[in-house]
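# Summary of the model geometry
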Amino acid sequence: MKIRKKLFVGFGILFVVVMFFGAASIYYIEKISETAKVTLKNNYNTLTFTRDMRSVLDENDLPLSAKASDAFNSALKKQENNITENGENEATAGVRRDFDQLINPSGSLAQKQALVRHVRLLLKTIDGLNMKAITDKNNATHETVNNATVYLGAGGFITFLIIFVLISNFPGFIVNPLHQLADGFMEVSHENYETRLDLQTSEEFAELSNAFNAMAERLGKNENINLTKRLSAESQVKIMAEAMPDAVIAVNEKQEVLFINMVGRKMLKIGEKPVAGQTLHAVIKHKDLLKSIAGKNNDKNAVAIDINSDQFELHSFEIVVPNLKPDPIGTLQFSGFPAGMIYILKNSSEKEKVKSV
């Protein structure tokens, strides 16, 4: 069996188990959530309504005022719309009958006191029914939680066994080649194009290693060709720069010095010390020159700078590396991308001296 088929079967089984495990988890979570929500919403609201009615009776004398009657009646209406338990409807209806008699102005004080005692008894009955319901639902919730724990635990154990079996069936002949391939790409990313792979653990990995080796070989050849061209071009540019009577400073796109010709070294008092790879700030100590270079783009206008009591004109030119890319129809498109800058400092003081002569 090929690796692809093994992976398909193994991960297919794992997918089915995970989906079942996830569905069971969602089912029990929803069930627990629904039970808890019903417990908190319905029964808790009833206890709140009975408390409000009891507070009206506790805080007001008989006969009840119109404000107290309205408060009691408002809580009673809410309770009448929140009947959830067996026996609660009868008790609530009893409260309504007693309340209607309680607010009847024709009754005596003794009759009203008896009605209040009976209302309190009915409210206590409603509280008891809802407290019992809360207890029963809480027990049901605990039972659901326990069942969910058992089933989900069993599902998790089965999932673990399946994963363990899959790991056992896919040992190092898959993992090790992947590590070797990753190491090979890391070496190539560090420009070590001599790296070669020999992955013969399976047909797929053998093809992959052959493709990698061919890629590394082509990259190595291209790198050698590009390096030769680049060194040749840099050598020619340096020769031309050394032949110029002006100071020449070349930097890459990171503002790192590529080279400075001898005229520039003398002008900047650098001497023979190596400067390639260093930043402009590390090599050039002249603040005005640094400031002008930092704000100078590739344009036709020169910037005047005073260095060592001489006047110089700063000219800058962008280094553009050609980039040939085929378009979708197969023709070449000529383009380029910036690779740095060349700065030329022309001594204008010499021109003025010549003019004055």
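In short, a report on the structure. Just so it is clear, the model here is predicted, and its values are computed rather than measured.

### Overview of the overall build of the chain
Secondary structure summary: the chain contains ten helices and five strands in total. Element-wise, carbon and sulfur atoms account for 60% of the exposed surface of the chain, whose accessible area totals about 23,200 Å².

### Digging into the nonpolar core
One finds Ile-249, Ile-260, Leu-268, Leu-280, Ile-284, Leu-289 and Leu-345 to be the most contacted residues of the largest nonpolar core, which totals 22 residues. Elements with a contribution of two residues or more to this core: strand S1 (247–252), strand S2 (257–260), helix H7 (262–268), helix H8 (280–283), helix H9 (287–294), strand S3 (303–307), strand S4 (310–326) and strand S5 (332–347). In this structure Leu-345 touches Asp-246, Ala-247, Met-267, Leu-289, Ile-305, Ile-307, Phe-312, Glu-313 and Leu-314, once residues within four positions along its chain are discounted.

### Focus on the packing of aromatic side chains
Under the defined criterion, the tally for this structure stands at two aromatic pairs. Each ring, one from Phe-72 and one from Phe-99, has its centre 4.8 Å from the other, and the planes form 15°; the classification is stacked. One end of the pair, Phe-72, is in helix H2 (residues 66–80); the other, Phe-99, is in helix H3 (residues 88–102), and 27 residues separate them in sequence. One exposure class covers both Phe-72 and Phe-99, and it is buried.

### A few points about the environment of Ile-319
On the secondary structure map, Ile-319 appears in strand S4. Considered as a pair, Ile-319 and Asn-252 are 67 residues apart in the sequence and their alpha carbons are 8.2 Å apart.

### Topic: the pattern of salt bridges
A complete count under the given rule lists seven salt bridges for this structure. One salt bridge in this structure joins Asp-52 and Arg-51, with 3.5 Å as the shortest N-O distance. With a relative accessible area of 30%, Asp-52 lands in the partly exposed category. Classification of Arg-51 by relative accessible area gives partly exposed; the value is 46%. The salt bridge involving Arg-54 is made with Asp-127; its shortest N-O contact spans 2.6 Å. Highlighted residues: Arg-54 in helix H1 (residues 3–59) and Asp-127 in helix H4 (residues 109–169), separated in sequence by 73 residues. Counted as one network, the salt bridges with shared partners bring together Glu-80, Arg-96 and Asp-100.

### Regarding the layout of surface pockets
Counted as a void, the second largest pocket has a volume near 150 Å³. In terms of lining residues, the second largest pocket is bounded by eleven residues, among which Leu-268, Lys-269, Val-283, Lys-285 and His-286 are the most central. Tallied by class, residues from the lining of the second largest pocket come to six nonpolar, two polar and three charged.

### Focus on unusual backbone geometry
In this structure, the amide linkage connecting Leu-62 to the following residue, Pro-63, adopts the cis form with an omega of -5°. Notably, Gln-255 is not glycine yet its phi reads approximately 65°, a positive angle. Counting through the fold element by element, Gln-255 comes out in the loop between S1 and S2.

### Topic: the packing of H2 against H3
Following both chains from N to C, one finds H2 and H3 inclined at 160°, their axes separated by 10 Å at the closest point. Considering their axes alone, H2 and H3 lie roughly antiparallel with respect to each other. Crossing hand, H2 versus H3: left-handed. Residues Ser-69, Phe-72, Asn-73, Leu-76, Lys-77, Gln-79 and Glu-80 of H2 lie in contact with H3, whose contacting residues are Glu-88, Thr-92, Val-95, Arg-96 and Phe-99. Class assignment of the residues belonging to the contact of H2 with H3 gives a composition of four nonpolar, four polar and four charged.

### As for the side chain of Asn-261
Within the secondary structure, Asn-261 sits in the loop between S2 and H7. Separated by 2.8 Å, the side chain of Asn-261 and the backbone oxygen of Asp-246 make a polar contact.

### Focus: the pairing of S2
Pairing geometry for S1 and S2, over three bridges, is antiparallel. Counterpart to Ile-249 in the pairing with S2 is Ile-260. Once S1 ends, the chain turns through four residues before running back antiparallel as S2, passing Gln-255 with a positive phi of about 65°.

### Remarks on a nonpolar patch on the surface
A cluster of nonpolar side chains, contributed by Phe-157, Ile-158, Phe-160, Leu-161, Phe-164 and Val-165, occupies part of the molecular surface with about 600 Å² of accessible area. Among the structural elements, Phe-157 can be located in helix H4.

### Digging into the side chain of Glu-85
Tracing the backbone shows Glu-85 in the loop between H2 and H3. Overall, the relative accessible area of 19% leaves Glu-85 in the buried class. Polar contacts involving the side chain of Glu-85 include one to the side chain of Thr-84, which spans 3.2 Å.

### Topic: H3
Between its first and last C-alpha atoms H3 spans 21 Å; for 15 residues at 1.5 Å apiece the expected length is 21 Å, and the two agree. Within the span of H3, buried status applies to Glu-88, Ala-91, Thr-92, Gly-94, Val-95, Arg-96, Asp-98, Phe-99 and Leu-102.

Reading the values: rules and limits
- Residues numbered from 1 in each chain as written.
- Predicted model: local features only at pLDDT ≥ 70, side-chain atom pairs only at ≥ 80, totals over all residues.
- Heavy atoms only, no water.
- Helix = DSSP H or I, 4+ residues; strand = E, 2+ residues; numbered from the N terminus.
- Areas by Shrake-Rupley, 256 points an atom, 1.4 Å probe, with all protein chains shown as cover.
- Core = buried A, V, L, I, M, F, W, Y, C linked by side-chain atoms within 4.5 Å.
- Buried < 20%, exposed > 50% of the residue type's maximum accessible area, 1.4 Å probe, protein only.
- Contact = heavy atoms within 4.5 Å.
- Phe/Tyr/Trp six-rings, centres within 6.5 Å; stacked < 30°, edge-to-face > 60°.
- Salt bridge = Lys/Arg side-chain N within 4 Å of Asp/Glu carboxyl O.
- 1 Å grid on protein atoms, 1.4 Å probe; cavity = no way out; pocket = protein on both sides within 12 Å on 5 of 7 lines; lining within 4 Å.
- Points joined across faces, edges and corners; volume = space filled by probe spheres on them.
- Nonpolar A, V, L, I, M, F, W, Y, C, P; charged D, E, K, R; others polar.
- Axes fitted to C-alpha atoms, helices over the stretch in contact; angles between N-to-C directions.
- Parallel < 35°, antiparallel > 145°, perpendicular 65-115°, else oblique.
- Left-handed = near helix turned anticlockwise from the far one by under 90°.
- Polar contact = N/O pair within 3.5 Å; in protein donor to acceptor, adjacent residues only side chain to side chain.
- Pairing = 2+ DSSP bridges.
- Patch = residues over 30% accessible without salt bridge, like charges linked within 9 Å, V, L, I, M, F, W, Y side chains within 5 Å.
- Expected span 1.5 Å × (residues − 1).

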